[in-house]
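So the chains spell out like this:
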Amino acid sequence: MAQNAYRYQNLATALPEQPVTPSAKKVRTKKRYQAAVWTKRERGLVIFMAGIVLLLMMGTVATTVTMQRVDAQNEQISQKVTNVKEENDSYRGDIQSKTNRDNLEKVAQSANMEQSTNNVRNVNQ
């Protein structure tokens, strides 16, 4: 420590005294920071990631549109199936009304036929 003694200065004596005046105002200055320079690698990475995000967005929109189209087609097919089921039910009702015993007797009488079980054989015997 003794070797550094010649460099020692008392801080109170090292600075010259300045008179304090009330008109001396401290001016605050804003620090302005400059934007950091991007490297080629950083720029490339940003462009690459932006491309990936863009592709994902387009894929999402395309998938949504496709799903809406498929849902519309499924709805049309469901309506067609419902219509066919209703037609089948009405046809079943017509078949039951036409094969009713009373209806068969009316048709037989109108054609001068009669219904009897004398001439009927069971094929399974």
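Rules and cut-offs
Residues numbered from 1 in each chain as written. Predicted model: local features only at pLDDT ≥ 70, side-chain atom pairs only at ≥ 80, totals over all residues. Heavy atoms only, no water. Helix = DSSP H or I, 4+ residues; strand = E, 2+ residues; numbered from the N terminus. Buried < 20%, exposed > 50% of the residue type's maximum accessible area, 1.4 Å probe, protein only. Patch = residues over 30% accessible without salt bridge, like charges linked within 9 Å, V, L, I, M, F, W, Y side chains within 5 Å. Areas by Shrake-Rupley, 256 points an atom, 1.4 Å probe, with all protein chains shown as cover. Salt bridge = Lys/Arg side-chain N within 4 Å of Asp/Glu carboxyl O. UniProt positions renumbered as here; feature names shortened; annotations may be inferred.

Colleague: Tell me what's going on with the overall build of the chain, and back it up with residues and numbers.
Modeller: For the chain, the count of helices and strands is three helices and zero strands. Seen in sequence order, the chain has helices and strands lined up from the N terminus as α-α-α. Going through the 125 residues of the chain one by one, you find that 1% of them count as buried.

Colleague: So what about a nonpolar patch on the surface? Which residues, and what values?
Modeller: Together, L45, F48, M49, I52 and L56 make up a nonpolar patch on the protein surface, roughly 500 Å² of accessible area in all. Here L45 lies in helix α2 (residues 40-98).

Colleague: Give me the UniProt feature "transmembrane region" (unreviewed entry) in the chain: which residues, what numbers.
Modeller: Summarizing the sequence annotation, UniProt attributes the feature "transmembrane region" (unreviewed entry) to residues 45-67 in the numbering used throughout. Across residues 45-67, helical content stands at 100% and strand content at 0%; the span's end C-alpha atoms are separated by 33 Å.

Colleague: Outline the pattern of salt bridges, listing residues and values.
Modeller: On inspection of all chains with the given rule, the structure shows two salt bridges. Between D89 and R92 there is a salt bridge, with the nearest N and O atoms lying 3.1 Å from each other. Taken as a pair, D89 and R92 lie in helix α2 at a separation of three residues, close to a single helical turn. Given a relative accessible area of 52%, R92 falls into the exposed group.

Colleague: For helix α3 (residues 101-110), give the residues involved together with the corresponding values.
Modeller: Counting buried positions along α3 yields one of ten residues, so the element is predominantly exposed. Count one or two residues on from α3 and you reach N112, which has phi positive near 55°.

Colleague: Outline the environment of E114, listing residues and values.
Modeller: Note that E114 resides in the segment after α3. The class of E114 is exposed, set by a relative accessible area of 71%. A C-alpha to C-alpha distance of 9.9 Å links E114 and L104, two positions ten residues apart in sequence.

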